[in-house]
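Structural characterization, general
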Amino acid sequence: MFKPASRIENVRYAIRNIVAEAQKVAATGKEILYLNVGDPLKFDFKTPPHLVEAVHRAMVDGHNGYAPSAGIPEAGRAIAAEAEKKGMHGVGPDDVVVTTGASEAIELVLTALLEPGESVLLPSPNYPLYDAVVAKIGARSIPYYLDEARGWSLDLAEIEAKVGPDTRAIVVGSPNNPTGGWYDKDVLSGLLDIARRKKLVVLSDEIYDRLTYDKPHVSLGSLATDVPVISFNGLSKAYLACGWRIGWMIFCNPRLTPELRRAVQRLADARLCSPTPAQYAVAPALEGPQDHIPEMMKRLRVRRDLTVRRLNSIPGLSCVEPAGAFYAMARLQIPGVVDDEAWVVDLVRRTGVLFVHGSGFGQRPGTQHFRVVFLPPPEVLDRAFDLVEQYVRARR
Ligand SMILES: Cc1ncc(COP(=O)(O)O)c(C=O)c1O
């Protein structure tokens, strides 16, 4: 009777969809070990106190009304200054739009850019929001496959071959969710070359830029002055405040995209603003003490190493060492296992360990994976991998 729009059929978000299965298991009294969601606040990481104070002070000082659609000027200035420090070209405060998480930035840009039926190149695997938004607006995604054998790097020749006449943009994530992959300057410059020749906008997801283990992040917007790059970032991950819903987009080389910038502004105006008090934490985050980040990375490195070691010691499982973020994409090569979603569901039913299936992120056809979030403390990770190991060995 009240049928929803058919395009919503294709909107999927595996990271939360799988939780429904875990809740059924939890209702039977079984303990669930949640290794499925990239929220550091669920574990032993805390929002830096000076950011909490900044938001509290904003509320006490009466900043509880609507903010400008593109964000408060203090935030825009701090984000633009930070962009300049990272070498991003041509960025001023007007080239920044503060959004309700990086999620909304991604949604606004894709909506402003793509006509129904037009296409965008997306990595596979990839963070599933991109596919969900593309489906919602009736556009088309073209996957380009990340190469597990080369540390989940990308193949420039494949990308170039896949650009079609209706392709408008290419999305790149470094460090990447779900693979933990990271790209060097040469790879990113090659990608910009393709964008330059094929007239594509580059959408660069940099939400994990500060969370690399050995090599510093390279910002795409710093590598060219003649290619439009829109960078996404926010307070969720490195500043440990994902519930505040503060993200942003930065238009690098903005003189190349004035109409797109205006289209984003129209969409931003129509949704009013992102949460006002939390915007007051942006400048203190970017300009204030950063010592929680190396501290976080120290802990994450131990958890990453443990995860890689444990996964690679279980027969039928393997895992490439992540270079950034807090995810590992583990390969499943167990005879008879042809559906990673069914495997993940059976695993949570029998052991209580919850992962997200690789097919929820996209993957090279014929391969099976699952994504591990290694945010929990080592003892929890060890307990989870003990259970996984017993489960796998019992089924061989
Ligand atoms: C690659 C990537 N982009 C964007 C987001 C969304 O971040 P936010 O909380 O800022 O909306 C996430 C969240 O996990 C992510 O992994």
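Computed from a predicted model, the values in this text were never measured in an experiment. (Residues numbered from 1 in each chain as written. Predicted model: local features only at pLDDT ≥ 70, side-chain atom pairs only at ≥ 80, totals over all residues.)

**Points about unusual backbone geometry**
- In this structure, Pro-125 follows Ser-124 across a cis peptide bond, with omega equal to 0°.
- Of note in this structure, Leu-240 is not a glycine but carries a positive phi near 55°.
- Considering the arrangement of structural elements, one finds Leu-240 in the loop between β7 (229-234) and β8 (246-252).
- Given 21 C-beta atoms within a 10 Å radius, Leu-240 is considered buried.
- Of note in the backbone geometry, Leu-272 takes a positive phi value of approximately 70° without being a glycine.
- In this structure, Leu-272 sits in the loop between α9 (258-270) and α10 (276-279).
- Classification of Leu-272 as exposed rests on a count of 12 C-beta atoms within 10 Å. (Helix = DSSP H or I, 4+ residues; strand = E, 2+ residues; numbered from the N terminus. Buried ≥ 20, exposed ≤ 12 C-beta atoms within 10 Å, placed from the backbone.)

**Details of the pairing of strand β6 (residues 201-205)**
- Along β6, five of the five residues are buried, which leaves the element largely enclosed by surrounding structure.
- Sheet topology places strand β5 (residues 167-173) next to β6; five bridges connect them, and they run parallel. Along β6, the bridge assignment pairs Gly-173 with Asp-205.
- Once the chain exits β5 it traverses helix α8 (residues 185-198) before rejoining the sheet at β6, and the crossover so formed is right-handed. (Pairing = 2+ DSSP bridges. Right-handed = clockwise from strand over helix to strand, strands pointing away.)

**Structural notes on the packing of helix α5 (residues 101-113) against helix α6 (residues 129-136)**
- Taken N-terminus to C-terminus, the directions of α5 and α6 make an angle of 35°; their axes are 10 Å apart at the nearest point. In this structure, α5 crosses over α6, and the sense of that crossing is right-handed. Mapping the contact onto sequence places Ser-103, Ile-106, Glu-107 and Leu-110 in α5 and Leu-129, Tyr-130, Val-133 and Val-134 in α6.
- When its residues are assigned to classes, the contact of α5 with α6 shows six nonpolar, one polar and one charged. (Axes fitted to C-alpha atoms, helices over the stretch in contact; angles between N-to-C directions. Left-handed = near helix turned anticlockwise from the far one by under 90°. Contact = placed C-beta atoms within 7 Å. Nonpolar A, V, L, I, M, F, W, Y, C, P; charged D, E, K, R; others polar.)

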